[in-house]
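Topology and contacts: notes
Okay, here's what each chain looks like letter by letter:
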Amino acid sequence: MKSFQQRFFGDIRVIAGLSWLLFVLVFAVFAPFLAPGDPFAIVDKPFIKPFEGYGLGTDSLGRNLYGGLAHGARATLFIAVLGTVAAAAFGTLVGAVAGFYGGVIDACLMRITEFFQTIPSFLFAIVLVAILSPSVPSVVIAIATVSWPPIARVVRGEVLSVKQREYVLAAVIAGQKDLSILVQQVLPNTLSPLIVTSSLLVATAILVESALSFLGLGAPNVMSWGFMIGSGRQFLRDAWWLVTIPGVVILVTVMSINLVGEALNDALNPRLAAL
Amino acid sequence: MTTPAPVPALVIEGLTVALPSWSDRRHAVEDLTLEIARNEILCVVGESGSGKSVMAKSILRLLPGPHVRVTGGRILFQGNDILALNDSAMRALRGSAISMIFQEPMTALNPLMTVGRQTDEVFDVHTELDATARRQRVMALFEDVQLPEPERLYNSYPHELSGGQRQRVMIAMALALEPALIIADEPTTALDVTTQAQILRLLKDLQRRHGTAVLFITHDFGVVSEIADRVAVMRQGKLVEVGTVEGVLKSPQADYTRALVDAVPSLIPRHVATAAAPDPILQVDGLSKTYGGRSGLFGMRGRAVRAVDQITLEVGRGRSLAVVGESGSGKSTLARCIIGLETADVGSVRLDGQTISGLSRAEMRPLRQHIQMVFQDPFASLNPRHKVGDIIALGPVIQGVAKSAAWEEARNLLRLVGLQPEAVDRYPHEFSGGQRQRIGIARALAVKPKLIIADEPVSALDVSVQKQVLELLDDLRLKLGLSMLFITHDLRVAAHVCEDVVVMSNGVIVERGPTAEIFASPKHQYTKALLDAVPGKSWLGGARGATADFSISPAVAN
């Protein structure tokens, strides 16, 4: 069998997806150096076309589009990753407890999970941000709140299967306590589906964040890709690039994450991929 | 009847099957030449990884390509080279001229289709028969393989059938078009002993009546002695020896064959000097456990199953007691109730005079060091993400031993079970099944228990590895003065390691006593059936019986 690294990094999807993500990540990290100054600052006259000044031109108020994209990468990725990490943490907790203890605890936790799943997630996110007032933490909370149920279900399913295995029984017989068994024996063996689900959720989180910003519900005074599309949408016919460039960036980023996520899934479950 | 017909049904000439570049050897099968006559059963014997299944799959061209592929040789079926056929000619051949019986009938049958419909499909695809004629043929087949109530079974789904019945359906499907060759890949390995005996008898009988050639793959020489006309022994992709069943079993030529034959545990029970009955270390009194029957959240009511019913037994200090029974007899549930993985409904368990049933997990914790368990599946019983040292040291660390001391002890234990002490730093996937089972034994010994419960510890292992692990267990038991409760479905294994035996059926003990006594004169009908069903009974009891006494270690006598 080829090693995990060989399978994963030998995959064309991974090479393509990771290259783009690395590129975006460099912009996100070094935005203050690559595009110095406030991305909201008016630098020149509005509607300068791409490649005719400031790299990608200026928007309706004369703001540097390239600077917006670089700083937007920072905000969008930060919010999406943080939201997903929060969702993964909470979802794992709920799923692990439900799967490990079973019975009434499982039934209650899973009914709650289903309750959250039945609410249309984007509307729910809008309501949450509206209630909490738009800000970075409230967008993160909204993303986490609408994305934890799938994680909880995946982790619960894995825990249910892993806790039957003989090495877990051996730990019970050795006298290990429940919490240690869960943390040391069970959870490390549920990691691969968790990682795959979470990586795909980052893509969804980017879309949610962008959609919220588009509607003007994003954090104020934070430049993000969704905000750029939102502010450019009135000028779609006169200045198509204002919407198209951030739109394509979102599209390619989300697609890259999905490609890497799927390749990750195949590399972690080699037998499934062979079918 | 055993004289081979002049034109062989199948000739394999210099077959070589390549493995992918990253595997540990280059060829799954290497330059293999073999011949199967019409109307003969050829058993191919070998340990797991010997390439016997790959060889069988290459005959039907079912190899998992593109990396595993035939790189040399010819397979001549009735004079034609199978490897040169195009795909449609191959499809016509599969099922009608060559058919296959798989190991696990549950996964080989489609769970969403009635078994009658699935058998019918064979005729539908390969013949021009109309619906009524097909149904008649299916019924005739079901009667042929001795399925009870064929009419009712026709409309049953695979899950409604027992394991033996499912395998009979598989055999019916394999026989449907009167093939010239049947390939059976470990068809009885997943079945109970008594069912295995019935299926073997049925296969042999059908083979004789239809004059089919059968290629029978197995790892068990007991099965070979029951069914084979000729035997081929494979090791690491190469043919070691081929000959008639009498020749190979009585006077094996190759050392490897001799080792395999000798590894089959004999049915001769060990001697014990039953001078004074030792005081009991484990006393189980009136233990019962019922599954199901309670109402669920939405008032669903499951059928109650009495898995364990009023079991009373004792294990003497320093003695070994076998609990023998088929799957579903409740023997594993009994083990789990004793060690506290399940809570018994009624009854008590006393270990060294101290009651351990009904204790909470916390109350039980200090007592864990007295009772430990060895599990069945060497691949599921070790956490793949922990180092071997951590796995073995877990118990002692919980009991309060310092980690460095526990690791040092783990090294000693690994040496004791016949592994390198450096193994502590490695992960379970780096070891073979037999080595893993040794690690499992080291883990059980780490807390210096008084009693070990072994739940089918060798049933997942090859026969030759089985022998080593059984000898290790036996040796350690005598050296460390352990007592053992040994759960098994295999009477041969029970005979090898246990002085006393209880036979369980449907949750109750039907017979108990010293192993020698029970094997010599079984009283209960079920015990007799179990003993009769042991594969290779006549061979084990007869020719090999005389030599088997050597395996009894003198240390048992005291």
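Since the model is a prediction, treat every value here as computed from it, not as a measurement.

Some thoughts on the overall build of chain A
Per the secondary structure count, chain A includes twelve helices and zero strands. Its C-alpha atoms give chain A principal-axis dimensions of roughly 75 × 45 × 30 Å. Of the contacts formed within chain A by residues at least 6 apart in sequence, a portion of 68% connects residues at least 24 apart.

Some remarks on the confidence of the model for chain B
Looking at chain B as a whole, the pLDDT averages 85, with 92% of positions reaching at least 70. Interface confidence for the predicted complex, given as ipTM, is 0.78, next to a pTM of 0.82.

A closer look at the interface of chain B and chain A
In this assembly, 20 residues from chain B lie in contact with 17 residues from chain A. Among the secondary structure elements, those contributing two or more residues to the side of chain B that touches chain A are strand E16 (371-374) and helix H14 (388-398) of chain B. No other element matches H14 of chain B, which puts three residues into the side of chain B that touches chain A.

A word on the pairing of strand E6 (residues 98-101) of chain B
All names here are of chain B. Neither face of E6 is open: one carries Ile-98 and Met-100, the other Ser-99 and Ile-101, and all of them are buried. Looking at chain direction, E6 and strand E7 (residues 181-185) are connected through four bridges and run parallel. When the bridges of E7 are listed, Ser-99 appears paired with Ile-182.

As for helix H11 (residues 255-263) of chain B
Residues and elements named next belong to chain B. Within H11, the full set of buried residues consists of Thr-257, Leu-260 and Val-261. Burial along H11 is one-sided: seen end-on, the buried residues are contained in an arc of 95°. Facing away from the buried surface of H11 by more than 90 degrees, the exposed residues are Asp-255 and Ala-259. Summarising the contacts, the buried residues of H11 are in contact with strand E3 (41-45), helix H9 (221-227), strand E9 (230-235), strand E10 (238-244), helix H10 (245-250) and helix H17 (463-480).

Focus: the sheet that holds strand E13 (residues 320-324) of chain B
All names here are of chain B. With mixed pairing, the six strands of this open sheet are ordered in space as E16-E17-E18-E13-E19-E20. With one partner strand each, in any of the chains shown, E16 and strand E20 (508-514) form the two edges of the open sheet. When strand polarity is set aside, the average angle formed by the axes of neighbouring strands in this sheet is 15°. As paired strands, E13 and strand E19 (residues 500-505) are joined by four bridges and run parallel to one another. Note that in E19 the partner of Val-323 across the bridge is Val-502. Strand contacts of helix H16 (residues 433-445): E16 and strand E17 (451-455), with the helix running at about 175° to E16, the strand carrying the most contacts.

Section: the packing of H14 of chain B against H16 of chain B
Residues and elements named next belong to chain B. Across the interface, H14 lies against H16 with an axial gap of 7 Å and an inter-helix angle of 30°. By the angle class used here, H14 and H16 are roughly parallel. Residue-level contacts link Val-388, Ile-391, Ile-392 and Gly-395 of H14 to Ile-439, Ala-442 and Arg-443 of H16.

Some points on helix H5 (residues 131-144) of chain B
An α-helix turns once every 3.6 residues. As a result, residues three or four positions apart point the same way. Residue and element names in this part refer to chain B. Counted at 1.5 Å a residue, the expected span for H5 with its 14 residues is 20 Å, and the 20 Å between its end C-alpha atoms agrees. Considered for burial, the residues of H5 that qualify are Val-138, Leu-141 and Phe-142. Down the axis of H5, the buried side of the element spans an arc of 100°, and every buried residue falls inside it. With respect to the buried face of H5, the exposed residues turned more than 90 degrees away are Thr-132, Ala-133, Gln-136, Ala-140 and Glu-143. Elements that come into contact with the buried residues of H5 comprise helix H4 (115-126), helix H6 (150-154) and helix H7 (163-175).

Section: the environment of Gly-286 of chain B
Residues and elements named next belong to chain B. Summarising the element assignment, Gly-286 is placed in strand E11 (residues 280-291). The exposure class of Gly-286 is exposed, given the 12 C-beta atoms found within 10 Å. Gly-286 sits 207 residues away from Val-493 along the chain, and the two C-alpha atoms are 27 Å apart. Excluding anything up to four places from it in sequence, Gly-286 contacts Gln-310, Thr-312, Val-346 and Gly-347.

Rules and cut-offs
- Every chain is numbered on its own, with residues counted from 1 as its sequence reads.
- The naming scheme follows written order: chains are lettered A onward, ligands numbered 1 onward.
- Where totals are concerned, whole chains, interfaces and linings use all residues; where local detail is concerned, this predicted model gives features only for residues with pLDDT of at least 70, and gives and counts side-chain atom pairs only at 80 or more.
- Only DSSP runs of H or I with at least four residues qualify as helices, and only runs of E with at least two residues qualify as strands; both kinds are numbered from the N terminus onward.
- Contact between two residues is assigned whenever their backbone-derived C-beta positions fall within 7 Å.
- Residue-level confidence of the predictor, termed pLDDT, takes values from 0 up to 100.
- Once C-beta atoms are placed from the backbone, each residue is buried if 20 or more other C-beta atoms lie within 10 Å of its own, exposed if 12 or fewer, and partly exposed for counts between those two.
- We treat two strands as partners when DSSP finds at least two bridges between them.
- The directions considered for the arc run from the helix axis to the C-beta atoms.
- Axes here mean lines fitted to C-alpha atoms, for a helix over just the part in contact, with angles spanning 0 to 180 degrees between N-to-C directions.
- We call two directions roughly parallel when the angle between them is under 35 degrees, roughly antiparallel when it is over 145, roughly perpendicular when it lies between 65 and 115, and oblique otherwise.
- One fewer than the residue count of a helix, multiplied by 1.5 Å, yields its expected span.

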